[in-house]
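The chain contents come next:
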Amino acid sequence: MQFDILIVFFLALAFAVTLGAVGGTIHSRRSDALKEIKQNIEKGKKKLKKLKKKAKKLENGGEKGSNS
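Computed from a predicted structure; not experimentally measured. (Residues numbered from 1 in each chain as written. Predicted model: local features only at pLDDT ≥ 70, side-chain atom pairs only at ≥ 80, totals over all residues. Heavy atoms only, no water.)

Q: Residue-level account of the overall build of the chain, with values.
A: A count of helical and extended segments in the chain gives 1 helix and 0 strands. Taking all 68 residues of the chain together, the buried fraction comes to 0%. When the accessible surface of the chain is totalled, it reaches about 6,900 Å², and 64% of it is carbon and sulfur. (Helix = DSSP H or I, 4+ residues; strand = E, 2+ residues; numbered from the N terminus. Buried < 20%, exposed > 50% of the residue type's maximum accessible area, 1.4 Å probe, protein only. Areas by Shrake-Rupley, 256 points an atom, 1.4 Å probe, with all protein chains shown as cover.)

Q: If you had to explain a positive patch on the surface to someone new, which residues and values would you point to?
A: On the surface, Lys43, Lys46, Lys47, Lys49, Lys50, Lys53, Lys54 and Lys57 cluster together to form a positively charged patch. With respect to the helices and strands, the residue Lys57 is situated in helix α1 (residues 2-59). Residue Lys57 is classed as exposed on the basis of its relative accessible area of 62%. (Patch = residues over 30% accessible without salt bridge, like charges linked within 9 Å, V, L, I, M, F, W, Y side chains within 5 Å. Salt bridge = Lys/Arg side-chain N within 4 Å of Asp/Glu carboxyl O. Lys, Arg positive; Asp, Glu negative; His and termini not counted. Charge placed at Lys NZ, Arg CZ, Asp CG, Glu CD.)

Q: Explain a nonpolar patch on the surface residue by residue, including any values.
A: On the surface, Phe3, Leu6, Ile7, Phe9, Phe10, Leu11, Leu13 and Val17 cluster together into a nonpolar patch covering about 830 Å² of accessible area. Residue placement: Leu13 occurs in helix α1. Exposure remark for Leu13: the relative accessible area of 41% places this residue in the partly exposed category.

Q: How would you sum up the pattern of salt bridges? Please name residues and give values.
A: Inspection of every chain in the model, using the stated rule, returns 1 salt bridge. For the salt bridge of Glu42 with Lys45, the shortest nitrogen-to-oxygen distance reads 3.9 Å. Taken together, the residues span about one helical turn, with Glu42 and Lys45 both in helix α1 at a distance of 3 residues. Relative accessible area serves as the criterion here: at 52%, Lys45 is assigned to the exposed category.

Purely geometric numbers; function is a separate question.
Printed below as a string of structure tokens:
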């Protein structure tokens, strides 16, 4: 009887450890993905800023002598 309780205890312990490991892995990957998304957004903002500057230059006669 006591042996059965011991087996159930260790099975429950193993299950809890496995769940903890899986949960930690999922959280870590999610965190990494969020960091990557934030970096991509920052890169996109920088590119947009550069394109806006280029567009402004072109509007102000950056290409002199073109027949457009």
